[in-house]
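Secondary and tertiary structure notes
Take a look at the letters that make up each chain.
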Amino acid sequence: METGTKYELKPGMATREAFGKALVELGRVNQNVVALDADLSKSTFTSLFGKEFPDRFFECGIAEANMVGIGSGLASAGKIPFASSFSAFLLNKGFEQLRITAAFPNVNLKAVGTHSGISIGEDGPSQMSVEDISLACSLPGFTVLCPADEVSMMALVHAAAEHFGPVFIRAGRAKAAIIYAAGQKFEIGKSVQLMDGRDLTIIATGLLVAEAIRAADQLEAEGISARVLDMHTIKPLDRDAIAKAAAETGAIVTAEEHLVDAGLGVRVAQVVAETHPCVMECVGIQNTYAESGPPEALLEKYGLVAKNIVEAARKAISRKKA
Amino acid sequence: MTKTSNVQQLQAIAKKTRREIIEMITAAKSGHPGGSLSAVEILVTLYFDALRHDPANPKWPDRDRFLLSKGHAAPVLYSVMAQCGYTPEDELNTLRKLGSIYQGHPDVRFIPALEGSTGSLGQGLSLGIGMALAARLDGRSYKTYVVLGDGEIQEGQVWEAAMFAPFHRVDNVCAIVDYNGIQLDGFVKDILDVAPLGDKWRAFGWHVIEIDGHDIAALQAAYAEFAATKGQPTVILAHTVKGKGVSFMENNPKYHGVAPTQDERVRALEELA
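Residues numbered from 1 in each chain as written. Chains lettered and ligands numbered in written order. Predicted model: local features only at pLDDT ≥ 70, side-chain atom pairs only at ≥ 80, totals over all residues. Heavy atoms only, no water.

1. Regarding the overall build of chain A
Of the regular secondary structure elements, chain A holds 13 helices and 14 strands. Here the C-alpha atoms of chain A give a radius of gyration of 19 Å, agreeing with the 20 Å that 2.2 N^0.38 yields for 322 residues. Principal axes of the C-alpha set define a box for chain A whose edges measure 60 × 40 × 35 Å. For chain A, contacts bridging at least 24 residues in sequence account for 78% of all contacts bridging at least 6. Of the roughly 11500 Å² of accessible surface on chain A, 51% is carried by carbon and sulfur atoms. Side chains of chain A give 31 positive and 38 negative charges; the mean places of these two sets differ by 2 Å. (Helix = DSSP H or I, 4+ residues; strand = E, 2+ residues; numbered from the N terminus. Rg over C-alpha atoms; globule rule 2.2 N^0.38 Å. Contact = heavy atoms within 4.5 Å. Areas by Shrake-Rupley, 256 points an atom, 1.4 Å probe, with all protein chains shown as cover. Lys, Arg positive; Asp, Glu negative; His and termini not counted. Charge placed at Lys NZ, Arg CZ, Asp CG, Glu CD.)

Structure representation (structure tokens):
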């Protein structure tokens, strides 16, 4: 059986930076790729694209609704626009536009929200996006991606460009541990099994994937064998992998940097309930907004680190035996 | 379809369009007659004269784009598109019925020849600017026309878009405000006045043309002036009468969103004979 020792989890770049670099790569090979930003291009890293392709970069100012609408117009006329801002602003201020001009007519717009979750740190909760997965998943036809590291982000940005239809990509501000070797292949809607195990499955997304690996290592030391899935695509979910995990391991722990009320966990629970009901525990933010502070301290305080996944796993195992 | 610049012919098409609007909304038993009737000449003059398009080839890359941002006026758009040959004219009276392509508000899933799905107010100008930017990037000469309601421009997104287009010198987009003075809850001047409208658009950097929106010759001249205006976007403030052409509907807030009864239909069609 594979173990966590194969994952060194070396520090990597933030997924927002990986997005910016991937966008430049895309711009070099596809003239139809354009980018829009709402006065946060240095933070979202679309400035890299803007510098290399000024004619294909549209600075929209602090006006997210208009940015999404213009992006949808560009997409309707054959472009592949990537519209970017902080997730908190893009999804909340642009939601109606994502609904009416992207989801409803099935337009080929790519919305990229950076600074998602609470790991943005000191800027505090008005800038933190803890509802974006829920909002994006609620839109019919949307594909929702939440890559865990730079390798998966770069690959999935390319995959998003090749996929016709509206996509939301969730990126983070904090540096993310490197999970994947260069060249790893990713497919929208197909999770990656990072570790195999018998006793339970940890299904994680985004920044919490690395924590899931750390948790699985700790559980292994306790004699609990955990499977770990990177659910980089939250919509459409990899139903087969979830059903298989439920059937084969009999317990599931989900982990996400998002409100537990309406994110990965409840979506996985729906699939579990519909396929192979089993014990489940959900790690995520509990019905609250966070606060300012160092990212690591916030993740610790709000229960989003490996030890929280370990505790949830122990609880799931005990319930499974009961 | 046969295009024409002849004002009398366009007026005849406008009258027929009004009759179809009355028939459609009466058959549907719901809908928005007032704002459909006020925009008739604006759309007829576009589709039968100014617009570069080919109903036989609705996805022609160089076609001009049209967006009805005030999507609740869908009946006028459906009538005009059907008369052009985009959609079946004999099915217009299925408006709003289950399975009809003529949805309550324009929906590209049902009519692919539409350029956008509208109905949630305030969004069409942003979409149109996006299309205009795409034209510029692709070196294509097509133009994008967006019809807005005067009540609609109370939406903040319209002014985000209004700020964007002049700054980026998007001169291939034309906004047309159907300035009929009435919105659902009453007269615009009593709800949340948008005047002085010309000053507002000018202050945002638009080339402003103010006309009688029922004067076909004035509309033709305005569209030509837009085409000749370079370096800044154009807005046509088309002063119109809500419910135009049907005496008891004219300037009456009641008919923003109430369908004619059978009796009213008969009276309206007599006036539009």
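2. Quick look at the packing of aromatic side chains
Taken as a whole and judged by the stated rule, the model has twelve aromatic pairs over all chains. Taken together, a centroid distance of 5.6 Å and an interplanar angle of 10 degrees make the contact between F86(A) and F89(A) stacked. On the basis of an interplanar angle of 90 degrees and a centroid distance of 4.6 Å, the ring pair of Y180(A) and F186(A) is categorised as edge-to-face. For the pair Y180(A) and F186(A), one class covers both residues: buried. One aromatic cluster in this structure is built from W159(B), W201(B), F204(B) and W206(B). (Phe/Tyr/Trp six-rings, centres within 6.5 Å; stacked < 30°, edge-to-face > 60°. Buried < 20%, exposed > 50% of the residue type's maximum accessible area, 1.4 Å probe, protein only.)

3. Looking at the interface of chain A and chain B
Put simply, an interface is often sized by how much accessible area is lost when its parts join up. Across the contact, 25 residues belong to chain A and 22 residues belong to chain B. Summed over both partners, the interface of chain A with chain B comes to about 1900 Å²; 65% of that surface belongs to carbon and sulfur atoms. Among the residues of chain A in contact with chain B, N66(A), I70(A) and F104(A) are the three that bury the most area, contributing 27% of the side total. Here chain A is connected to chain B by one salt bridge. (Buried area = accessible area lost by both parts, 1.4 Å probe. Salt bridge = Lys/Arg side-chain N within 4 Å of Asp/Glu carboxyl O.)

4. Thoughts on the sheet that holds strand β7 (residues 234–239) of chain B
Residue and element names in this part refer to chain B. The sheet built from five strands is open, its strands ordered β1-β2-β3-β7-β6 with parallel pairing. The sheet terminates laterally at β1 (65–68) and β6 (207–212), the two strands that pair on one side only. Going from strand to strand, the sheet's axes swing by 20 degrees on average, the running direction of each strand aside. Alignment of strand β3 (residues 173–179) against β7, held across six bridges, turns out to be parallel. (Pairing = 2+ DSSP bridges. Axes fitted to C-alpha atoms, helices over the stretch in contact; angles between N-to-C directions.)

5. Here's the deal with the sheet that holds strand β6 (residues 143–145) of chain A
Residue and element names in this part refer to chain A. One open sheet accounts for seven strands, arranged β3-β2-β4-β5-β7-β6-β12; its pairing is mixed. The outermost strands of the open sheet, each flanked by one partner alone, are β3 (57–59) and β12 (233–235). The mean angle between the axes of side-by-side strands here comes to 20 degrees, regardless of whether they run parallel or antiparallel. In the sheet, strand β2 (residues 33–37) pairs with strand β4 (residues 80–86) via five bridges, with the strands oriented parallel. Within β4, the residue paired with V33 across the bridge is I80.

6. A short note on the packing of helix α3 (residues 40–50) of chain B against helix α4 (residues 74–84) of chain B
Residue and element names in this part refer to chain B. Contact geometry of α3 with α4 gives a least axis separation of 10 Å together with a crossing angle of 25 degrees. Looking at the two axes, α3 sits roughly parallel to α4. Between α3 and α4 the crossing geometry is right-handed. Counted together, V40, L43, V44, Y47 and F48 of α3 and V76, L77, V80, M81, Q83 and C84 of α4 form the full contact between these two elements. The residue inventory of the contact of α3 with α4, partitioned by class, reads ten nonpolar, one polar and no charged. (Parallel < 35°, antiparallel > 145°, perpendicular 65-115°, else oblique. Left-handed = near helix turned anticlockwise from the far one by under 90°. Nonpolar A, V, L, I, M, F, W, Y, C, P; charged D, E, K, R; others polar.)

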